[in-house]
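Remarks on the overall topology
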Amino acid sequence: MSDGLGNDDDGTHSAGDDHEDGRGADDYGTNPTRPGTDEKGIDDPARAGAGGAGSAGGGGPEDPDDPAGGTSHGTDPHHAPRIPLPRASVEDTGRPLPVLEEPVPSAPLVLEHRVLKALLGAWALAACSAEETAAVEDHLGVCGACADEALRLRGAVGLLQRPESLDLDPGLRTRVLDGCLDRRPPRIPVPEWATPYDAETARLDALLQDFGDAEWHAPVRLRWFDADEATSRRTTVAGVIAHLMSVDGLVAVALGLDDPMGEVSADAPTPAGRTEAYWRASHFPPTRSVRTPWREQSHDLVRTVSFTGGTSGKLEVAYGDFALPLHDAMLDRAFECWVHAEDIAEAVDYPYEPPSPRHLNRMIDLAARVLPAVLAERRQKGLASPTHGRHLVSAGGPGRTLRLEIEGLGGGEWLIPLDSPGAVGSAEHEVAHVALDGVEFCQLAAGHVPPAEAAAGQLGDREAIRDVLFAAASLSRM
């Protein structure tokens, strides 16, 4: 039988009768002596009074406040507490705070005139230390020659800084013109359908303004789709401007202006035929000299359509194997000007922004309006897949429809009739839905993005979607 201290009746100590935590007579694994004794087991009245079993609040085995029966170390100065008490702040003790040592100011540098003069370049670049900067600036106040040299170097550093981007917001020109025209309307305004061409030719001309000989001869690869196959043609920046000028000549001829081809005859009156003929007729590859006639021709086109007013929009511009009304032809020329300007900018590693959203919307609208005719032509050539459920509809009647949703810049929705160019798109007869970004759709129509790789959200008739995407890519040409 054991008493409360773990001693058997015979006075021996049983190891198995220790406390439940297995730490022996002392709860915390210290020397297993009786409370009130020293480390050798000799009675110590002072310790017994401080923390013995019979002391009030001593927390010994007889203390009812300590259910574990262990020795309380909260009042024992010879034992560290299990959880350290928080450290007292200096502010709480009432003691004076320590005095902070003030940094001793360093003595100013004393440098010779030749050393200070040699530091002017580093000072202009803000590459001197604080002491050197102070020494140089003190010296500039007393030495006129070094002060003049410092001003000259600071001006040179301003020229060495990286210039800010010269790219302006594509809509800035339109906003400035609108603000000016609101104050004083033009006597002969530019037709609304000609403003995209006016803006895109001006933007391209600004890009070409500072080109040197190396940029004019930089290689450019023109890309388009022909019979559902990617095609390309290599030329130079000057060759691209010659291409734009020769194709713009189709509009010039329709308006009664001079043909830029002059006496050069093309094998076919198509954009590609005229361009190849112009390139072959040049004794040397086109250079920067082609910029002036191209820009003068673009001015003449805008001026002429402005003078003729709204009546000229009904004229047709022949492209060889098809024709477009003049207002659509001007949009087509604006679209191609932007696409080839991006080709040029990519060749010289220069950023180029898309057109303003209002002009981009007009270009997308033109492509959406011609898609039904292109689909019909592709069916006649056997390029469009046969579609189940296709049926003939009367002109102006509703038929199967694809919803073309354009997101982002110039966005909107267009209902594309699938069965006949004369049909009308109808939401009730919708069989497919395609969603593309505005710029990506234009890149698709320009032949720069393969139809199979167009990032399009697709829903509905897969064959109809494929036909429309490939028809959009077939709009491209050189």
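Nothing here was measured: the structure is a model prediction, and the numbers come from that model.

Examining the overall build of the protein
The helix and strand inventory of the protein stands at 16 helices and eight strands. Across the 478 residues of the protein, 39% fall into the buried class. Within the protein, contacts between residues at least 6 apart in sequence are counted, and of these 64% link residues at least 24 apart.

Considerations on helix H11 (residues 271–281)
Within H11, the full set of buried residues consists of Pro271, Gly273, Arg274, Thr275, Ala277, Tyr278 and Trp279. Summarising the contacts, the buried residues of H11 are in contact with strand E1 (219–226), strand E2 (229–236) and helix H10 (237–254).

Topic: the environment of Cys143
By the element assignment, Cys143 lies in the loop between helix H5 (130–140) and helix H6 (144–160). For Cys143 and His113, which are 30 residues apart along the polypeptide, the C-alpha to C-alpha distance reads 9.3 Å.

Notes on the nonpolar core
In this structure, Leu204, Leu208, Ile241, Ile344, Leu402, Leu404 and Leu436 are the most contacted members of the largest nonpolar core, which totals 82 residues. Not counting residues up to four positions away in its chain, the partners in contact with Leu436 are Leu404, Glu405, Ile406, Glu407, Phe441, Leu444, Ala454, Ala456 and Leu469. Grouped together as the second largest cluster of nonpolar side chains are 14 residues, Ala135, Val136, Cys146 and Ala150 included.

Quick notes on the pairing of strand E7 (residues 430–437)
Where a strand is regular, its side chains alternate between the two sheet faces. Pairing of strand E5 (residues 401–407) with E7 involves seven bridges; the strand directions are parallel. Counted as the bridge partner of Leu404 is Val434 from E7. Relative to strand E8 (residues 457–460), E7 is paired through four bridges, and the arrangement is antiparallel. Following the sheet pairing, Val434 is matched in E8 by Gln458.

Topic: the layout of surface pockets
If you add up the space inside the largest pocket, you get close to 1200 Å³. Surrounding the largest pocket, 43 residues form its lining, Phe322, Ser474, Leu475, Ser476 and Arg477 being those nearest its centre. The set of elements that each furnish at least two residues to the lining of the largest pocket consists of E1, H11, strand E4 (323–325), helix H13 (326–347), helix H14 (357–380), helix H15 (438–445) and helix H16 (462–473). Tallied by class, residues from the lining of the largest pocket come to 28 nonpolar, five polar and ten charged.

A few points about the pattern of salt bridges
In the structure shown here, the tally under the stated rule is 25 salt bridges. For Asp332, the salt bridge identified is with Arg333, shortest N-O distance 3.5 Å. Of the residues examined, Asp332 reaches a relative accessible area of 10% and is grouped as buried. Two residues, Glu336 and Arg333, come together in a salt bridge whose shortest N-O distance is 2.3 Å. Here Glu336 and its partner Arg333 are both found in helix H13, three residues apart, which amounts to about one turn of the helix. A single burial state applies to Glu336 and to Arg333, both of which are buried. A single network of salt bridges, built from pairs that share partners, joins Asp248, Asp332, Arg333, Glu336 and Arg477.

Describing the environment of Ala268
Note on placement: Ala268 falls in the loop between H10 and H11. Using a relative accessible area of 28% as the deciding quantity, one classes Ala268 as partly exposed. Sequence spacing of Ala268 and Tyr319 is 51 residues, and the spatial spacing of their C-alpha atoms is 9.7 Å. Those residues within four positions of Ala268 in sequence are excluded, and the remaining contacts are Gly273 and Arg274.

What to know about the sheet that holds E5
On the basis of which strands lie adjacent, the open sheet formed by four strands has the order E6-E5-E7-E8 and mixed pairing. What marks the edges here is a single partner per strand, and that holds for strand E6 (412–417) and E8. With direction set aside, neighbouring strand axes in the sheet form an average angle of 15°. Together, E5 and E6 form the strand contacts of H14, whose direction differs from that of E6 by roughly 10°.

Section: the packing of aromatic side chains
Taken as a whole and judged by the stated rule, the model has three aromatic pairs. Note on Tyr319 and Phe322: the rings are 4.8 Å apart at their centroids and 10° apart in plane angle, and the pair reads as stacked. What makes Phe322 partly exposed here is its relative accessible area of 34%. Where Phe335 meets Trp338, the ring centres are 6.0 Å apart and the plane angle is 75°; that geometry is what we call edge-to-face. Here Trp338 and Phe335 lie together in helix H13, a separation of three residues that amounts to about one turn. Comparing Phe335 with Trp338 shows no difference in burial state: the two are buried.

Concerning the pairing of E6
Pairing of E5 with E6, which is carried by six bridges, proceeds in the antiparallel orientation. Residue pairing across strands places Arg403 opposite Leu415, the latter belonging to E6.

So, the confidence of the model for the protein
On average, the protein scores 79 in pLDDT, and the residues at 70 or more come to 74%. Ranking the elements of the protein by mean pLDDT puts helix H1 (residues 45–51) last with 42 and H13 first with 96. In the predicted structure, residues 1–74 sits below a pLDDT of 50 and forms 80 contacts with residues beyond four places in sequence or in another chain.

Comments concerning the side chain of Arg378
Among the secondary structure elements, Arg378 is positioned in helix H14. With residues up to four places along the chain from it excluded, the contact list for Arg378 reads Asp228, Leu383, Ala384, Phe470, Ala471 and Ser474.

So, the packing of helix H8 (residues 195–208) against H10
Taken N-terminus to C-terminus, the directions of H8 and H10 make an angle of 155°; their axes are 13 Å apart at the nearest point. Viewed along their axes, H8 and H10 adopt a mutual orientation that is roughly antiparallel. For the element pair H8 and H10, the recorded crossing hand is left-handed. Note on element contacts: H10 touches H8 through Val237, Ile241, Leu244 and Asp248, opposite Tyr197, Leu204 and Leu208.

Structural notes on unusual backbone geometry
Phi at Ala227 is positive, roughly 55°, even though this residue is not glycine. Within the fold, Ala227 resides in the loop between E1 and E2.

Reading guide: rules and limits
By convention here, each chain's residues receive numbers from 1 onward along its written sequence. With pLDDT at 70 or above as the cut-off, local features in this predicted model cover only qualifying residues; side-chain atom pairs require 80 or more to be listed or tallied, and sums for whole chains, interfaces and linings still use all residues. Only heavy atoms go into the side-chain values, all of them from the structure, while hydrogens and water stay out. The way it works is that DSSP assigns letters per residue, a run of H or I at least four long becomes a helix, a run of E at least two long becomes a strand, and they are numbered from the N terminus. Throughout, exposure labels follow a simple rule: accessible area from a 1.4 Å probe, protein chains only, divided by the maximum for the residue type, with under 20% read as buried, over 50% as exposed, and the rest as partly exposed. Residues are treated as being in contact if the distance between any of their heavy atoms lies within 4.5 Å. Nonpolar cores were defined as sets of buried Ala, Val, Leu, Ile, Met, Phe, Trp, Tyr and Cys residues, with membership established by side-chain atoms within 4.5 Å. Strand pairing requires that DSSP identify at least two bridges connecting the strands. A pocket, in this scheme, is an open set of points on a 1 Å grid over the protein atoms alone with protein on both sides within 12 Å along at least 5 of 7 lines, while a cavity is a set where a 1.4 Å probe fits but cannot get out; residues line either one if an atom lies within 4 Å of a point. Grid points are joined across faces, edges and corners, and a volume is the space filled by probe spheres set on the points. Here the term charged refers only to Asp, Glu, Lys and Arg, the term nonpolar to Ala, Val, Leu, Ile, Met, Phe, Trp, Tyr, Cys and Pro, and the term polar to all other amino acids, Gly among them. For salt bridges, the criterion is a side-chain nitrogen of Lys or Arg within 4 Å of an Asp or Glu carboxyl oxygen. As a rule, the C-alpha atoms of each element are fitted with a line to give its axis, helices using only the stretch in contact, and angles between N-to-C directions run from 0 to 180 degrees. Classification of ring pairs rests on two measures: the distance between centres of Phe, Tyr or Trp rings, Trp counted by its six-membered ring, which must be within 6.5 Å, and the angle between planes, read as stacked under 30 degrees, edge-to-face over 60 and tilted in between. Confidence scores per residue from the predictor, reported as pLDDT, run from 0 to 100. Throughout this description, any angle smaller than 35 degrees is read as roughly parallel, any larger than 145 degrees as roughly antiparallel, any in the 65 to 115 degree range as roughly perpendicular, and the remainder as oblique. For a crossing to be left-handed, the near helix must be turned anticlockwise from the far one by less than a right angle; the clockwise case is right-handed.

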